[in-house]
Amino acid sequence: GTIIGNLSNALTISSTGSVLNNNVVRADSGTVIISGTNLAQGPSGVIDAINSGVVRLIGGGTISGGRFTTASGGQIATLSGHTAGVNGVTNTGTLNVVDNSALLLNGNLTNNGVVAMGSVGNLTDIRTTGNRLIAGTGTINLSNNSQNRIVADAAGNSLSLGSGQTLQGAGQIGAGGQLNLTNNGTIIGNLSNALTISSSGTVTNNKTVRADSGTVT
């Protein structure tokens, strides 16, 4: 069926049991909170936010499979002070990693929309928990702050950036840790703060790393 959060108070899904979405979970001018829940999605499963609605991913749970979609100002977002994970999700909307939160790549991510990292001074992370790929034709936008970080959750974990991905803005890739990075896409420093690539792991560039009105270090 269809589960909709559409009022001023949130609709919260919080379970330690098995949660499977085969159709639609939607925030429509309201808020849906998925808290500490490992939620699996079938082939037709969609988590959706429309009309300025927000789906909040909090409490360390992981969304596996299915799609994230947004429209009319809606967003799928983390929450300050929390972590959340994705595994095999296809994002065609806006996925916001907000200030002072972390998104764990517990599997590959297909990004055909926008992933936005929004540090305003606190550590704000995308962390790889294994050998991960961000595929698709989307954009990863980092705010103008050095505390945006794309890092390995454990030494030796890897990230491959797909050929259709553009990663741009300011922050840190690797943050001095052992992240194995393969860039098959486009990495751009285009803001007043630098985009820094710093890793003790293996870093391979197969396409483009560019400073465009900004700095890459």
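Note that the structure is predicted; figures quoted are calculated from it, not measured.

Focus on the overall build of the chain
At step 1: Scanning the chain from terminus to terminus reveals zero helices and 29 strands.
At step 2: For a compact globule of 217 residues, the expected C-alpha radius of gyration is about 17 Å, and the chain comes in at 17 Å, within 12% of that figure.
At step 3: Seen through its principal axes, the chain has C-alpha atoms that stretch 50 × 30 × 30 Å.
At step 4: For the chain, buried positions account for 44% of its 217 residues.
At step 5: Sequence-distant contacts in the chain: of pairs separated by 6 or more residues, those separated by 24 or more amount to 40%.
At step 6: Element-wise, carbon and sulfur atoms account for 43% of the exposed surface of the chain, whose accessible area totals about 8600 Å².
At step 7: If the 8 positive side-chain charges of the chain are averaged to one point and the 6 negative ones to another, these points end up 6 Å apart.

Observations regarding the pattern of salt bridges
At step 1: Tallied over the full model, the rule gives three salt bridges.
At step 2: Where Asp-125 meets Arg-127, a salt bridge forms, and the shortest distance between an N and an O atom there is 3.1 Å.
At step 3: Since its relative accessible area comes to 25%, Arg-127 is described here as partly exposed.
At step 4: A salt bridge links Asp-125 to Arg-149; the shortest N-O distance between them is 2.8 Å.

Quick look at the pairing of strand 20 (residues 139-142)
At step 1: Side chains Ile-140 and Leu-142 project from strand 20 onto a buried face, and the interleaved Thr-139 and Asn-141 project onto a face without burial.
At step 2: When strand 17 (residues 114-118) meets strand 20, the two strands line up parallel, connected through four bridges. In the strand pairing of strand 20, Met-117 is matched with Leu-142.

A closer look at the nonpolar core
At step 1: Counting 37 residues, the largest nonpolar core has Ile-47, Val-55, Phe-68 and Leu-167 as its most contacted members.
At step 2: Beyond its immediate sequence surroundings of up to four residues, Phe-68 is in contact with Ile-47, Leu-57, Ile-63, Ile-76, Val-86, Val-89, Thr-90, Asn-91, Thr-92, Gly-93 and Leu-95.

Quick word on the pairing of strand 10 (residues 67-71)
At step 1: Across five bridges, the pairing between strand 7 (residues 46-50) and strand 10 is parallel. Within strand 10, the position partnered with Ile-47 by the bridge is Phe-68.
At step 2: Here strand 10 runs beside strand 13 (residues 89-91); their pairing, made up of two bridges, is parallel. Counted as the bridge partner of Phe-68 is Asn-91 from strand 13.

Observations regarding the sheet that holds strand 15 (residues 102-105)
At step 1: Ordered in space as 3-6-9-12-15-18-21-24-27, the nine strands form an open sheet in which the pairing is parallel. The open sheet is flanked by strand 3 (19-21) and strand 27 (195-197), the only strands paired with a single partner. For this sheet, the mean inter-axis angle between neighbouring strands, taken without regard to orientation, is 20°.
At step 2: As defined by bridge partners, strand 12 (residues 83-87) adjoins strand 15 across four bridges and the pair is classed as parallel. If you follow Thr-83 over to strand 15, its bridge partner there is Ala-102.

The rules behind these values
Residues numbered from 1 in each chain as written. Predicted model: local features only at pLDDT ≥ 70, side-chain atom pairs only at ≥ 80, totals over all residues. Heavy atoms only, no water. Helix = DSSP H or I, 4+ residues; strand = E, 2+ residues; numbered from the N terminus. Rg over C-alpha atoms; globule rule 2.2 N^0.38 Å. Buried < 20%, exposed > 50% of the residue type's maximum accessible area, 1.4 Å probe, protein only. Contact = heavy atoms within 4.5 Å. Areas by Shrake-Rupley, 256 points an atom, 1.4 Å probe, with all protein chains shown as cover. Lys, Arg positive; Asp, Glu negative; His and termini not counted. Charge placed at Lys NZ, Arg CZ, Asp CG, Glu CD. Salt bridge = Lys/Arg side-chain N within 4 Å of Asp/Glu carboxyl O. Pairing = 2+ DSSP bridges. Core = buried A, V, L, I, M, F, W, Y, C linked by side-chain atoms within 4.5 Å. Axes fitted to C-alpha atoms, helices over the stretch in contact; angles between N-to-C directions.

Everything listed here is a matter of geometry and, on its own, says nothing about what the molecule does.
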